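Chain and residue survey
As a plain string of letters, each chain reads:
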Amino acid sequence: MTHRVGYAPGVYDLFHVGHLNLLRHARSRCDHLVAGVVSDDMARRAKGQAPVIPLIERLEIVRSVRYVDAAFVETVPDKLDTWQQVRFDVIFKGDDWRGTSKGIRLERDFAPLGVEVVYFPYTVHTSSTLLRAALDVLGSPA
């Protein structure tokens, strides 16, 4: 019997229903789910700003979600380097990656290793970016 390990990377800042949906759907497609929580430095480099919630707290939140079997701090930008450490069989991303240069590169890099790339619907109405923008508006002087 094959034991399928899944990997669901993300910043998981301002944890919301979109994150929960991704983890729930990911867990239904594997036997063991590892959530990759992107470090503050990596998030800053990728998004141009640090997460609102510090890494240690994001890690604890994600680790506590019942669909997650293990949480891993992601400190390198190359998913192949992460694969060397985690050894997953399938990687899960939001479908906002599908057809993009990042998504195409992910598929190309993992094909020779037999790692499947699975996309789940992106929760458009709720995202950390939208929540952060709302917080910025609420916090700015009138």
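Refer to the structure above for everything that follows.
A brief look at the structure comes next. (Residues numbered from 1 in each chain as written. Predicted model: local features only at pLDDT ≥ 70, side-chain atom pairs only at ≥ 80, totals over all residues. Heavy atoms only, no water.)

Let us look at the overall build of the chain. Check the secondary structure of the chain and you find 6 helices and 5 strands. Element order for the chain, N to C, with α for helix and β for strand: β-α-β-α-α-β-α-β-α-β-α. Buried positions account for 43% of the 142 residues belonging to the chain. Residue pairs at least 24 apart in sequence account for 76% of intrachain contacts in the chain once pairs closer than 6 positions are excluded. (Helix = DSSP H or I, 4+ residues; strand = E, 2+ residues; numbered from the N terminus. Buried < 20%, exposed > 50% of the residue type's maximum accessible area, 1.4 Å probe, protein only. Contact = heavy atoms within 4.5 Å.)

Our next topic: the pattern of salt bridges. Evaluation of the coordinates by the stated rule reveals 9 salt bridges. A salt bridge links Glu 116 to Arg 29; its shortest N-O distance comes to 3.8 Å. Of the two residues, Glu 116 sits in strand E5 (residues 116-120) while Arg 29 sits in the loop between helix H1 (17-27) and strand E2 (32-38), which places them 87 residues apart along the sequence. On the accessibility criterion, Glu 116 (32% relative accessible area) is partly exposed. On the basis of relative accessibility, which here comes to 37%, the residue Arg 29 falls in the partly exposed class. A salt bridge links Asp 41 to Arg 44; the nearest nitrogen and oxygen atoms lie 3.6 Å apart. Of this pair, Asp 41 and Arg 44 are both found in helix H2 (residues 40-47), 3 residues apart, which corresponds to roughly one turn of the helix. When salt bridges with common partners are traced through the structure, they connect Arg 4, Arg 29 and Glu 116 into a single cluster. (Salt bridge = Lys/Arg side-chain N within 4 Å of Asp/Glu carboxyl O.)

Here we come to the environment of Gln 85. Note that Gln 85 resides in helix H4 (residues 79-86). You can call Gln 85 exposed: its relative accessible area is 55%. On a C-alpha basis, the gap between Gln 85 and Phe 72 in space is 9.7 Å, while along the polypeptide they are 13 residues apart.

What follows is about the pairing of E2. Put simply, side chains in a regular strand alternate between the two faces of the sheet. Taken across its 7 residues, E2 has 6 buried, putting it largely inside the fold. Taken together, the 6 bridges between strand E1 (residues 5-10) and E2 define a ladder with parallel strand orientation. Residue Val 5 lies in a different strand from E2, and its bridge partner there is His 32. Viewed along the sheet, the connection from E1 through H1 into E2 turns out right-handed. Where E2 and strand E3 (residues 70-74) come together, 5 bridges link them in parallel fashion. Residue pairing across strands places Ala 35 opposite Ala 71, the latter belonging to E3. (Pairing = 2+ DSSP bridges. Right-handed = clockwise from strand over helix to strand, strands pointing away.)

A word on the packing of aromatic side chains. Under the counting rule described, the total for this entry stands at 5 aromatic pairs. Here the aromatic rings of Tyr 7 and Phe 72 are separated by 6.4 Å at their centres, their planes lie at 70 degrees, and the arrangement is edge-to-face. Pair noted here: Tyr 7 is in strand E1 and Phe 72 is in strand E3, with a separation of 65 residues, a long-range link. Neither Tyr 7 nor Phe 72 differs from the other in exposure class; each is buried. Each ring, one from Tyr 7 and one from Phe 88, has its centre 4.8 Å from the other, and the planes form 10 degrees; the classification is stacked. Highlighted residues: Tyr 7 in strand E1 and Phe 88 in the loop between H4 and strand E4 (90-94), separated in sequence by 81 residues. Assessed through its relative accessible area of 0%, Tyr 7 is described here as buried. (Phe/Tyr/Trp six-rings, centres within 6.5 Å; stacked < 30°, edge-to-face > 60°.)

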